[in-house]
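Working through the structure, step by step
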Amino acid sequence: MFPSIHRSRFMLAALALLLAGAVSATMPATVARAQDPFPNAAIGIIDMQRILRDSTAAQGVDQTRQSYLDSYNKQTAAEEQALREEQRGLSLAPNQAPTPELQQKARAFQNKVAQFEQRVAERRRNLERALSMALSQVQQMITVVADEVAAERGINLVLYRSQVPLFDPRMEMTEDVLTRLNERLPEVEFPDPANLPASGSGQ
């Protein structure tokens, strides 16, 4: 979900993904001239889970997503109830043979069910796309502020807390990154999922 973080001053070893909970390991290498000595590692640690949990922008994104989800769930439940009522109207009495008219109505009902399932799937896809777009704004600012903090501390290698079971507390960068992130990006725009262009349209 998130792109890997890498800047000229430092490298990030892995990136926590918010929805899947997976980790993408990346180690982009800085191109150095052959005559330059190999640098000693100055390590910083970032707790990405905490940043994504506690940052005001990420919290706002989660709240907006939940609001859309609640609305969609209510809409879906209402549509399901209407379909159930229509289905009951198509039920045959015992020993009743289906008439051509009833068969035609049954086929039309099946089309309605298929269209309903498509709408539900599209809402779900668009909501996840909107979530990804909103979180990408947070990720971009994390890249900027993490780069600044690393530069100020002379850090050239940044690792994620989830990848390092033990470390010197002086390597911790999380609080500085989180504070600066909240100052620079208190909130982000969450795109309206219903207004997103169709996936695969190239937009």
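All of these numbers come straight from a predicted model, not from anything done at the bench.

**A look at the pairing of strand β6 (residues 157-160)**
For a regular strand, the rule is simple: side chains alternate between the two faces of the sheet. Along β6, one buried face is formed by Leu157 and Leu159 and the opposite face, lined by Val158 and Tyr160, is buried too. Pairing geometry for strand β5 (residues 43-46) and β6, over four bridges, is parallel. Looking at the pairing, Gly44 lines up with Val158 of β6.

**Some points on the packing of aromatic side chains**
One pair of aromatic rings is described through two measures. These are the centre distance and the angle between the planes. Applying the stated criterion across every chain, the model contains two aromatic pairs. Ring centres of Tyr68 and Tyr72 lie 6.1 Å apart, and the angle between their planes is 40°; this geometry places the pair in the tilted category. Residue Tyr68 and its partner Tyr72 are located together in helix α2 (residues 56-89), separated by four residues, close to a single helical turn. Here Tyr68 falls in the partly exposed class, since its relative accessible area comes to 22%. Ring centres 5.7 Å apart and planes at 25° place the aromatic pair Tyr68 and Phe190 in the stacked group.

**Describing the nonpolar core**
Core analysis: the largest hydrophobic core is formed by 30 residues, its most contacted members being Ile46, Met173, Val177 and Leu181. Counting only elements with at least two residues in this core, the list comes to α1 (48-54), α2, α3 (100-153), β6 and α4 (174-184). If one sorts the elements of this core by residue count, α3 sits on top with twelve residues. Not counting residues up to four positions away in its chain, the partners in contact with Ile46 are Ile51, Ala146, Val158, Leu159, Tyr160, Arg161, Glu172, Met173, Thr174 and Val177. Membership of the second largest hydrophobic core comes to seven residues, among which are Leu83, Phe109, Phe116 and Val120.

**Some words on the confidence of the model for the protein**
Reading predicted coordinates in detail is not appropriate for stretches of low pLDDT. The pLDDT averaged across the protein works out to 82; a share of 79% of its residues lies at or above 70. With pLDDT under 50 throughout, residues 1-31 is counted as low confidence; its partners more than four residues away or in other chains account for 79 contacts.

**Some details on the packing of α3 against α4**
Contact pair α3 / α4: the axes reach a minimum separation of 9 Å and the direction vectors enclose 130°. As judged from the angle between their axes, α3 and α4 are oblique. Seen along the crossing, α3 lies across α4 with a hand that is right-handed. Packed against α3, whose contacting residues are Val138, Met141, Ile142, Val144, Val145, Ala146, Glu148, Val149, Glu152 and Arg153, the element α4 presents Asp176, Val177, Arg180, Leu181 and Arg184 at the interface. Along the lines of polarity and charge, the residues of the contact of α3 with α4 split into nine nonpolar, no polar and six charged.

**Observations regarding the packing of α2 against α3**
Between α2 and α3, whose axes approach to 10 Å, the crossing angle comes to 180°. In terms of their interaxial angle, α2 and α3 are classed as roughly antiparallel. Here the contact of α2 with α3 is built from residues that sort into 15 nonpolar, three polar and eight charged.

**With respect to the side chain of Arg180**
Within the secondary structure, Arg180 sits in helix α4. We classify Arg180 as buried; its relative accessible area is 19%. Those residues within four positions of Arg180 in sequence are excluded, and the remaining contacts are Val145, Glu148, Val149 and Glu152.

**What to know about α4**
Among the residues of α4, those classed as buried are Thr174, Val177, Leu178, Arg180 and Leu181. The inward-facing, buried residues of α4 abut β5, α1 and α3.

**What to know about the environment of Thr179**
Looking at the element boundaries, Thr179 is found in helix α4. Thr179 sits 128 residues away from Ile51 along the chain, and the two C-alpha atoms are 9.4 Å apart. In this structure the side chain of Thr179 is engaged in a polar contact, spanning 2.9 Å, whose partner is the backbone oxygen of Glu175.

**Concerning the pattern of salt bridges**
Oppositely charged side chains are able to pair whenever their charged atoms sit close together. Following the criterion strictly, the structure yields 13 salt bridges and no others. Note that Glu86 is salt-bridged to Lys112, the shortest N-O span being 3.2 Å. Of this pair, Glu86 sits in helix α2 while Lys112 sits in helix α3, and the two are 26 residues apart along the sequence.

Conventions and cut-offs
Residues numbered from 1 in each chain as written. Predicted model: local features only at pLDDT ≥ 70, side-chain atom pairs only at ≥ 80, totals over all residues. Heavy atoms only, no water. Buried < 20%, exposed > 50% of the residue type's maximum accessible area, 1.4 Å probe, protein only. Helix = DSSP H or I, 4+ residues; strand = E, 2+ residues; numbered from the N terminus. Pairing = 2+ DSSP bridges. Phe/Tyr/Trp six-rings, centres within 6.5 Å; stacked < 30°, edge-to-face > 60°. Core = buried A, V, L, I, M, F, W, Y, C linked by side-chain atoms within 4.5 Å. Contact = heavy atoms within 4.5 Å. pLDDT = per-residue confidence, 0-100. Axes fitted to C-alpha atoms, helices over the stretch in contact; angles between N-to-C directions. Parallel < 35°, antiparallel > 145°, perpendicular 65-115°, else oblique. Left-handed = near helix turned anticlockwise from the far one by under 90°. Nonpolar A, V, L, I, M, F, W, Y, C, P; charged D, E, K, R; others polar. Polar contact = N/O pair within 3.5 Å; in protein donor to acceptor, adjacent residues only side chain to side chain. Salt bridge = Lys/Arg side-chain N within 4 Å of Asp/Glu carboxyl O.

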